[in-house]
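Now for the letters of each chain:
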Amino acid sequence: MPVLTEAAENMAPAGRWTAAAVGWLAWGAAIVALTVPSTVALTTLRIVVPLAPVTISLALLSAWHDANAVRGVVSLAIWGVAEVCLLHPATAGHMCDSSSYGTERRFPLRIPGPLMLGPVQLAWLAAVGGPVAGPLLVGAGAGITGWIVLLVGLPTSLFSVRALHSLARRWIVFVPAGMVIHDPITLEDPVLLQRRAVESIGPAPEGSGSLDLTAGAWGLALEARLREPVTVRTRGGAVRSVTGVLFTPTLPADLLDEARSRKLPVR
(Lines give C-alpha, C1' and ligand atoms only; values in the text may rest on other atoms or scores of the structure.)
Protein backbone atom coordinates (compact mmCIF):
# COMPACT_ATOMS: atom_id res chain seq x y z
CA MET A 1 0.00 0.00 0.00
CA PRO A 2 1.65 3.31 -1.07
CA VAL A 3 0.72 5.18 2.12
CA LEU A 4 2.35 2.58 4.35
CA THR A 5 5.33 2.13 2.04
CA GLU A 6 6.11 5.85 2.05
CA ALA A 7 5.75 6.08 5.82
CA ALA A 8 8.13 3.13 6.24
CA GLU A 9 10.82 4.89 4.18
CA ASN A 10 11.48 7.17 7.14
CA MET A 11 12.30 4.18 9.35
CA ALA A 12 15.62 2.44 9.86
CA PRO A 13 16.11 -0.81 7.88
CA ALA A 14 15.55 -2.95 10.99
CA GLY A 15 12.37 -1.01 11.74
CA ARG A 16 11.08 -1.50 8.19
CA TRP A 17 11.69 -5.24 8.32
CA THR A 18 10.04 -5.50 11.72
CA ALA A 19 7.01 -3.48 10.60
CA ALA A 20 6.73 -5.61 7.46
CA ALA A 21 6.90 -8.82 9.51
CA VAL A 22 4.20 -7.63 11.92
CA GLY A 23 2.02 -6.51 9.00
CA TRP A 24 2.35 -9.79 7.11
CA LEU A 25 1.65 -11.82 10.25
CA ALA A 26 -1.54 -9.83 10.86
CA TRP A 27 -2.54 -10.17 7.20
CA GLY A 28 -1.89 -13.93 7.27
CA ALA A 29 -3.90 -14.35 10.47
CA ALA A 30 -6.87 -12.55 8.87
CA ILE A 31 -6.68 -14.68 5.72
CA VAL A 32 -6.60 -17.92 7.74
CA ALA A 33 -9.50 -16.70 9.88
CA LEU A 34 -11.59 -15.97 6.79
CA THR A 35 -10.68 -19.31 5.23
CA VAL A 36 -11.42 -21.41 8.34
CA PRO A 37 -14.43 -19.81 10.07
CA SER A 38 -14.91 -20.55 13.77
CA THR A 39 -15.30 -18.74 17.07
CA VAL A 40 -11.50 -18.47 17.27
CA ALA A 41 -11.49 -16.97 13.77
CA LEU A 42 -14.13 -14.45 14.84
CA THR A 43 -11.99 -13.28 17.75
CA THR A 44 -8.94 -13.14 15.47
CA LEU A 45 -10.74 -10.90 12.98
CA ARG A 46 -12.07 -8.66 15.73
CA ILE A 47 -8.50 -8.12 16.91
CA VAL A 48 -6.66 -7.93 13.58
CA VAL A 49 -9.02 -6.00 11.28
CA PRO A 50 -9.13 -2.77 13.37
CA LEU A 51 -5.32 -2.61 13.18
CA ALA A 52 -5.52 -1.54 9.53
CA PRO A 53 -7.33 1.82 9.89
CA VAL A 54 -5.22 2.66 12.97
CA THR A 55 -2.02 1.90 11.05
CA ILE A 56 -3.14 3.89 7.98
CA SER A 57 -4.04 6.89 10.15
CA LEU A 58 -0.62 6.84 11.83
CA ALA A 59 1.09 6.47 8.45
CA LEU A 60 -0.77 9.53 7.13
CA LEU A 61 0.39 11.59 10.09
CA SER A 62 4.03 10.60 9.49
CA ALA A 63 4.01 11.10 5.70
CA TRP A 64 1.34 13.72 5.00
CA HIS A 65 0.90 15.36 1.59
CA ASP A 66 -1.97 15.80 -0.83
CA ALA A 67 -1.35 12.60 -2.81
CA ASN A 68 -1.09 10.55 0.35
CA ALA A 69 -4.21 12.19 1.72
CA VAL A 70 -6.26 10.93 -1.22
CA ARG A 71 -4.77 7.45 -0.97
CA GLY A 72 -5.32 7.43 2.76
CA VAL A 73 -8.97 8.41 2.50
CA VAL A 74 -9.57 5.69 -0.10
CA SER A 75 -7.76 3.13 2.05
CA LEU A 76 -9.73 4.12 5.14
CA ALA A 77 -12.99 3.88 3.18
CA ILE A 78 -12.11 0.35 2.04
CA TRP A 79 -11.26 -0.74 5.54
CA GLY A 80 -14.41 0.99 6.80
CA VAL A 81 -16.44 -1.33 4.59
CA ALA A 82 -14.47 -4.28 6.00
CA GLU A 83 -15.28 -3.13 9.54
CA VAL A 84 -18.98 -2.86 8.76
CA CYS A 85 -18.98 -6.39 7.31
CA LEU A 86 -17.11 -7.69 10.36
CA LEU A 87 -19.56 -6.06 12.79
CA HIS A 88 -22.64 -7.29 10.91
CA PRO A 89 -24.54 -9.87 13.00
CA ALA A 90 -24.55 -12.32 10.08
CA THR A 91 -20.74 -12.52 10.24
CA ALA A 92 -20.73 -13.53 13.90
CA GLY A 93 -23.57 -15.95 13.20
CA HIS A 94 -21.67 -17.68 10.40
CA MET A 95 -18.44 -17.86 12.40
CA CYS A 96 -20.08 -19.26 15.54
CA ASP A 97 -22.24 -21.76 13.68
CA SER A 98 -19.18 -23.03 11.79
CA SER A 99 -17.92 -24.39 15.13
CA SER A 100 -21.11 -26.36 15.80
CA TYR A 101 -21.40 -30.13 15.71
CA GLY A 102 -23.76 -32.29 13.66
CA THR A 103 -27.34 -31.06 13.78
CA GLU A 104 -26.56 -28.21 16.17
CA ARG A 105 -27.29 -24.63 15.16
CA ARG A 106 -25.66 -21.77 17.06
CA PHE A 107 -26.90 -18.20 17.35
CA PRO A 108 -24.50 -15.72 19.00
CA LEU A 109 -25.65 -13.38 21.75
CA ARG A 110 -25.12 -9.64 21.62
CA ILE A 111 -22.17 -8.15 23.49
CA PRO A 112 -23.29 -6.62 26.82
CA GLY A 113 -24.06 -2.92 26.34
CA PRO A 114 -21.88 -1.60 29.20
CA LEU A 115 -18.84 -3.35 27.72
CA MET A 116 -19.32 -1.49 24.43
CA LEU A 117 -18.85 1.87 26.17
CA GLY A 118 -15.11 1.52 26.74
CA PRO A 119 -14.04 -1.83 28.22
CA VAL A 120 -14.04 -3.64 24.85
CA GLN A 121 -11.94 -0.90 23.24
CA LEU A 122 -9.48 -0.90 26.16
CA ALA A 123 -9.24 -4.69 26.00
CA TRP A 124 -8.44 -4.45 22.29
CA LEU A 125 -5.67 -1.91 22.96
CA ALA A 126 -4.22 -4.18 25.64
CA ALA A 127 -4.44 -7.18 23.29
CA VAL A 128 -2.48 -5.56 20.46
CA GLY A 129 -0.34 -3.05 22.37
CA GLY A 130 2.49 -5.21 23.67
CA PRO A 131 2.81 -7.69 20.76
CA VAL A 132 2.79 -4.88 18.18
CA ALA A 133 4.48 -1.92 19.90
CA GLY A 134 7.22 -4.02 21.53
CA PRO A 135 8.76 -5.47 18.34
CA LEU A 136 8.37 -2.14 16.51
CA LEU A 137 10.26 -0.32 19.28
CA VAL A 138 13.01 -2.97 19.21
CA GLY A 139 13.25 -2.68 15.42
CA ALA A 140 13.41 1.11 15.68
CA GLY A 141 16.42 0.92 17.97
CA ALA A 142 14.71 1.43 21.34
CA GLY A 143 15.81 -2.01 22.48
CA ILE A 144 15.41 -1.75 26.25
CA THR A 145 12.10 0.09 26.05
CA GLY A 146 10.83 -2.30 23.40
CA TRP A 147 11.70 -5.40 25.40
CA ILE A 148 10.08 -3.96 28.52
CA VAL A 149 6.90 -3.17 26.55
CA LEU A 150 6.95 -6.65 25.05
CA LEU A 151 7.56 -8.53 28.31
CA VAL A 152 4.99 -6.51 30.24
CA GLY A 153 2.52 -6.43 27.38
CA LEU A 154 2.45 -10.15 26.54
CA PRO A 155 0.75 -11.34 29.76
CA THR A 156 -1.68 -8.43 29.54
CA SER A 157 -2.31 -9.28 25.90
CA LEU A 158 -3.04 -12.93 26.67
CA PHE A 159 -5.50 -11.94 29.41
CA SER A 160 -7.23 -9.45 27.11
CA VAL A 161 -7.44 -11.90 24.19
CA ARG A 162 -9.01 -14.45 26.50
CA ALA A 163 -11.53 -11.86 27.70
CA LEU A 164 -12.39 -10.85 24.13
CA HIS A 165 -12.72 -14.47 23.10
CA SER A 166 -15.27 -15.05 25.88
CA LEU A 167 -17.51 -12.57 24.03
CA ALA A 168 -17.40 -14.80 20.95
CA ARG A 169 -18.33 -17.89 22.99
CA ARG A 170 -21.80 -16.68 23.99
CA TRP A 171 -24.63 -18.30 22.06
CA ILE A 172 -27.94 -20.10 22.00
CA VAL A 173 -27.49 -23.54 20.49
CA PHE A 174 -30.33 -25.73 19.28
CA VAL A 175 -29.74 -29.43 19.89
CA PRO A 176 -32.01 -32.48 19.42
CA ALA A 177 -33.00 -32.34 23.12
CA GLY A 178 -34.02 -28.66 22.99
CA MET A 179 -31.90 -25.53 23.33
CA VAL A 180 -28.85 -24.62 25.38
CA ILE A 181 -27.85 -21.20 26.70
CA HIS A 182 -24.04 -21.05 26.61
CA ASP A 183 -22.81 -17.81 28.14
CA PRO A 184 -19.62 -17.74 30.24
CA ILE A 185 -20.29 -14.10 31.16
CA THR A 186 -23.63 -14.62 32.95
CA LEU A 187 -23.58 -18.36 33.70
CA GLU A 188 -21.21 -20.69 35.50
CA ASP A 189 -22.45 -23.64 33.45
CA PRO A 190 -24.48 -23.95 30.22
CA VAL A 191 -28.22 -24.41 30.76
CA LEU A 192 -30.26 -26.96 28.82
CA LEU A 193 -33.90 -26.04 28.23
CA GLN A 194 -35.41 -29.39 27.30
CA ARG A 195 -37.93 -29.48 24.46
CA ARG A 196 -40.74 -30.79 26.69
CA ALA A 197 -40.10 -28.01 29.24
CA VAL A 198 -40.29 -25.10 26.79
CA GLU A 199 -43.74 -23.50 26.88
CA SER A 200 -42.98 -20.70 24.39
CA ILE A 201 -40.24 -18.55 22.88
CA GLY A 202 -40.79 -14.99 21.71
CA PRO A 203 -40.12 -11.29 22.28
CA ALA A 204 -39.86 -10.50 25.97
CA PRO A 205 -42.80 -8.50 27.33
CA GLU A 206 -42.13 -5.37 29.34
CA GLY A 207 -41.71 -6.09 33.02
CA SER A 208 -41.05 -9.78 32.52
CA GLY A 209 -40.12 -11.56 35.73
CA SER A 210 -37.91 -14.09 33.96
CA LEU A 211 -34.23 -14.39 34.82
CA ASP A 212 -32.36 -11.68 32.89
CA LEU A 213 -29.32 -13.11 31.09
CA THR A 214 -29.04 -10.24 28.59
CA ALA A 215 -26.24 -8.53 30.59
CA GLY A 216 -27.61 -5.18 29.45
CA ALA A 217 -27.14 -5.97 25.74
CA TRP A 218 -28.78 -3.57 23.29
CA GLY A 219 -31.42 -4.97 20.98
CA LEU A 220 -34.54 -7.14 21.09
CA ALA A 221 -34.60 -9.48 24.06
CA LEU A 222 -36.30 -12.85 23.71
CA GLU A 223 -37.95 -14.80 26.49
CA ALA A 224 -38.10 -18.57 26.87
CA ARG A 225 -40.98 -19.53 29.16
CA LEU A 226 -40.85 -22.94 30.81
CA ARG A 227 -43.53 -25.37 31.96
CA GLU A 228 -41.36 -26.55 34.83
CA PRO A 229 -38.53 -24.96 36.83
CA VAL A 230 -34.94 -25.26 35.64
CA THR A 231 -31.95 -24.88 37.93
CA VAL A 232 -29.54 -22.16 36.79
CA ARG A 233 -26.15 -21.34 38.27
CA THR A 234 -25.26 -17.74 37.52
CA ARG A 235 -21.83 -16.14 37.67
CA GLY A 236 -20.73 -15.82 41.27
CA GLY A 237 -22.14 -19.22 42.18
CA ALA A 238 -25.76 -18.25 42.90
CA VAL A 239 -28.13 -21.14 42.20
CA ARG A 240 -31.68 -20.28 41.15
CA SER A 241 -34.75 -22.22 40.10
CA VAL A 242 -36.43 -20.31 37.26
CA THR A 243 -39.42 -20.74 34.95
CA GLY A 244 -38.21 -18.26 32.32
CA VAL A 245 -35.05 -16.68 30.95
CA LEU A 246 -34.28 -13.58 28.90
CA PHE A 247 -31.50 -13.41 26.30
CA THR A 248 -30.54 -11.11 23.43
CA PRO A 249 -29.41 -12.86 20.22
CA THR A 250 -27.80 -10.95 17.38
CA LEU A 251 -30.32 -12.41 14.92
CA PRO A 252 -33.60 -12.82 16.82
CA ALA A 253 -35.77 -13.38 13.71
CA ASP A 254 -33.46 -16.14 12.44
CA LEU A 255 -33.41 -17.75 15.87
CA LEU A 256 -37.22 -17.83 16.02
CA ASP A 257 -37.37 -19.29 12.51
CA GLU A 258 -34.98 -22.04 13.60
CA ALA A 259 -37.08 -22.70 16.69
CA ARG A 260 -40.19 -23.09 14.51
CA SER A 261 -38.38 -25.48 12.17
CA ARG A 262 -37.49 -27.62 15.21
CA LYS A 263 -41.13 -27.72 16.36
CA LEU A 264 -40.53 -25.53 19.41
CA PRO A 265 -43.51 -23.31 20.37
CA VAL A 266 -42.94 -19.75 19.12
CA ARG A 267 -45.31 -16.97 20.07
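Everything here concerns the structure above.
Being a predicted model, the structure only gives us computed values, none of them experimental.

Calculation notes
Residues numbered from 1 in each chain as written. Predicted model: local features only at pLDDT ≥ 70, side-chain atom pairs only at ≥ 80, totals over all residues. Heavy atoms only, no water. Phe/Tyr/Trp six-rings, centres within 6.5 Å; stacked < 30°, edge-to-face > 60°. Helix = DSSP H or I, 4+ residues; strand = E, 2+ residues; numbered from the N terminus. Axes fitted to C-alpha atoms, helices over the stretch in contact; angles between N-to-C directions. Parallel < 35°, antiparallel > 145°, perpendicular 65-115°, else oblique. Left-handed = near helix turned anticlockwise from the far one by under 90°. Nonpolar A, V, L, I, M, F, W, Y, C, P; charged D, E, K, R; others polar. Buried < 20%, exposed > 50% of the residue type's maximum accessible area, 1.4 Å probe, protein only. Arc of directions from axis to C-beta. Contact = heavy atoms within 4.5 Å. Pairing = 2+ DSSP bridges.

A. Molecular detail of the packing of aromatic side chains. Counted by the stated rule, this structure contains one aromatic pair. For the ring pair Phe-107 and Phe-174, a centre distance of 5.9 Å and an interplane angle of 90° mean the geometry is edge-to-face. One end of the pair, Phe-107, is in strand S1 (residues 105-108); the other, Phe-174, is in strand S2 (residues 171-175), with 67 residues separating them in the sequence.

B. Region of interest: the packing of helix H7 (residues 119-139) against helix H8 (residues 143-168). Axis separation between H7 and H8 bottoms out at 7 Å; the angle between their running directions is 150°. Relative to H8, the element H7 lies roughly antiparallel. Considering only the axes of H7 and H8, their crossing is left-handed. Taken together, the residues of the contact of H7 with H8 sort by class into 17 nonpolar, nine polar and no charged.

C. Just helix H9 (residues 252-261), in detail. Residues Pro-252, Leu-255, Leu-256, Glu-258 and Ala-259 constitute the buried set of H9. Buried residues along H9 cover an arc of 160° about the axis, so they all sit on one side. Buried residues in H9 make contact with S1, S2, strand S5 (198-203), strand S7 (222-233) and strand S8 (239-247). In the stretch just after H9, Lys-263 is the one whose phi turns positive, near 65°.

D. Local environment of the pairing of S8. As defined by bridge partners, strand S6 (residues 211-212) adjoins S8 across two bridges and the pair is classed as parallel. Residue pairing for S8: Asp-212 is matched across the bridge by Leu-246. Bridging between S7 and S8 involves eight bridges; their strand directions are antiparallel. Of the residues in S8, the one forming a bridge with Arg-225 is Gly-244. Hairpin connection of S7 to S8: five residues between the antiparallel strands, including Gly-236 at a positive phi of 100°.

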